[in-house]
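Architecture and fold: a report
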Amino acid sequence: MRPHPLLRLVRPVLAPTAAADALAGAWFGGGAGAGTLAAAAGASVCLYSAGMVHNDLADRRRDAELHPDRPLAAIPALFGRAVLLALGLAAAGLVLAAQAGALLPAVAVLAAACAYNGGLKRVFPFDLAAMGAARGANLCVGFAAAGASFGWPTAAYALAYGLFVAGITGASRAEDLDPAPTRRLALLLAGLAQLAALGVLALLGEGGRGWVMLAPAALLALFLRAAMAEGTRPAAKRYVFRSLLLLFGVHAAVLFAVHRDGGLVPIGACAGASFLLLALLAPPAPAAT
């Protein structure tokens, strides 16, 4: 099923990862009422989607040359509606965040995303810092919704998670690097940063449960090994996508490590939503000839 061009702008397959950030933060911070959790998750999804649309708006001229199949490049008339969509999603995200008592971190998410899309995405290492800050602040939306203070261990969780996402951003830069050895080196450095982040998250474990972080670390290592063995741009792209889906596993492992097992249900629901959307919206396989 080919989604509507405007729907493609919001990256629906990955939007549940944003909801998982807020839900994981709220459960880590001690939990909240169902209405507050829904508002925090909805705010994160809206802000994430607004950032995705803004990203395509900022890149529309570049995409017209390099990626003519993308919605705004293929259909220039969508520009006005895309602007309204981005503004509407950002406004909805801030309203929902205010209802959840998490307006300040939501503003930080939006500011970091706008800074990234507005020019930092092409300035290393500020691109990594901006994207890491956006996702770390998104986790703080959940902390604020739960009324948790920002200190150890919430700060450690947010900073380590931001480092993990910064590693994903670094891996995405490898897609544009040549020759293959340079691309492999960039992937290796990004992967090592992500593994270091998982090591920090393991320190949050209570009662010896930090070992559970070995599960996402092992998966990440397998993804990294496969990408480096191939060394191509498609391999780097697959690594980035797999790392993004692994965000669900990272949050689930952290919640298990700190005895917040009840949070595994909403995180699992978010993961299920992502994989369902992936199955529904994946382009059809080419017919055999």
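Report on the accompanying structure.

Thresholds applied
Residues numbered from 1 in each chain as written. Predicted model: local features only at pLDDT ≥ 70, side-chain atom pairs only at ≥ 80, totals over all residues. Heavy atoms only, no water. Helix = DSSP H or I, 4+ residues; strand = E, 2+ residues; numbered from the N terminus. Buried < 20%, exposed > 50% of the residue type's maximum accessible area, 1.4 Å probe, protein only. Contact = heavy atoms within 4.5 Å. Core = buried A, V, L, I, M, F, W, Y, C linked by side-chain atoms within 4.5 Å. Axes fitted to C-alpha atoms, helices over the stretch in contact; angles between N-to-C directions. Parallel < 35°, antiparallel > 145°, perpendicular 65-115°, else oblique. Left-handed = near helix turned anticlockwise from the far one by under 90°. Nonpolar A, V, L, I, M, F, W, Y, C, P; charged D, E, K, R; others polar. Disulfide = S-S within 2.5 Å. Salt bridge = Lys/Arg side-chain N within 4 Å of Asp/Glu carboxyl O.

**Side note on the environment of Ala229**
Residue position: Ala229 is located in helix H11 (residues 214-230). For Ala229, a relative accessible area of 61% puts it in the exposed group. With 50 residues separating them along the chain, Ala229 and Ala279 place their C-alpha atoms 27 Å apart.

**Here we look at the side chain of Ser49**
Mapping Ser49 onto the fold places it in helix H3 (residues 34-58). Accessibility expressed as a relative area gives 5% for Ser49, which makes it buried. Setting aside residues no more than four positions away along its own chain, Ser49 makes contact with Val10, Ala15 and Leu89.

**Some details on unusual backbone geometry**
Omega for the peptide link from Trp152 to Pro153 comes to 10 degrees, which places this bond in the cis form. The linkage connecting Asp178 with the following residue, Pro179, adopts the cis geometry, with an omega of 0 degrees. The residue Pro179 is located in the loop between helix H9 (154-174) and helix H10 (180-202) in this model. Phi at Arg11 takes a positive value of approximately 50 degrees, unusual for a residue other than glycine.

**Topic: the nonpolar core**
Tyr157, Phe164 and Leu201 are the most contacted members of the largest nonpolar core, which has 58 residues in total. Among the elements of the structure, helix H2 (15-28), H3, helix H8 (126-145), H9, H10, H11, helix H12 (233-257) and helix H13 (264-281) are those that each provide at least two residues to this core. The element that contributes the greatest number of residues to this core is H12, accounting for 13 residues. Discounting residues that sit within four places of it in the chain, Phe164 has contacts with Gln194, Ala197, Leu198, Leu220, Ser243, Leu246, Leu247 and Val250. By size, the runner-up hydrophobic cluster in this structure holds 27 residues, among which are Val10, Ala39, Ala50 and Ala102.

**A short note on the packing of H12 against H13**
When two helices pack together, their arrangement is given by the angle between their axes and by how far apart the axes lie. Orientation of H12 relative to H13, taken along the N-to-C sense of each, is 165 degrees, at an axis distance of 9 Å. The orientation of H12 with respect to H13, classified from their angle, is roughly antiparallel. The element H12 and its partner H13 pack so that their crossing is left-handed. Touching Phe241, Leu245, Phe248, His251, Ala252, Leu255 and Phe256 of H12 are Leu264, Ile267, Cys270, Ala271, Ser274, Phe275 and Leu278, all from H13.

**Description of the packing of H10 against H12**
Interhelical geometry of H10 versus H12 gives an angle of 0 degrees and a closest axis separation of 12 Å. In terms of axis orientation, H10 runs roughly parallel to H12. Between H10, through Arg183, Leu187, Gly191, Gln194, Leu198 and Leu201, and H12, the contact on the second element is made entirely by Arg233, Ala236, Tyr239, Ser243, Val250 and Val254. Split by residue class, the contact of H10 with H12 holds seven nonpolar, three polar and two charged.

**Overview of the state of the cysteines**
Should the sulfur atoms of two cysteines be covalently bonded, the bond is a disulfide. Within this structure, the stated rule accounts for zero disulfides. Looking at the unpaired Cys46, the closest cysteine sulfur is the one in Cys270, lying at 14 Å. On the accessibility criterion, Cys46 (14% relative accessible area) is buried.

**Comments concerning the pattern of salt bridges**
Overall, the coordinates contain nine salt bridges when judged by the stated rule. A salt bridge links Arg122 to Asp59; the shortest N-O distance between them is 2.8 Å. With Arg122 in the loop between helix H7 (103-118) and H8 and Asp59 in the loop between H3 and helix H4 (60-66), this pair connects stretches of sequence that are 63 residues apart. Asp178 serves as the salt-bridge partner of Arg183, at 2.4 Å between the closest nitrogen and oxygen. Look at Arg183 and you get buried, because its relative accessible area is 5%. Within the structure, one salt-bridge network assembled from shared partners comprises Asp59, Lys121 and Arg122.

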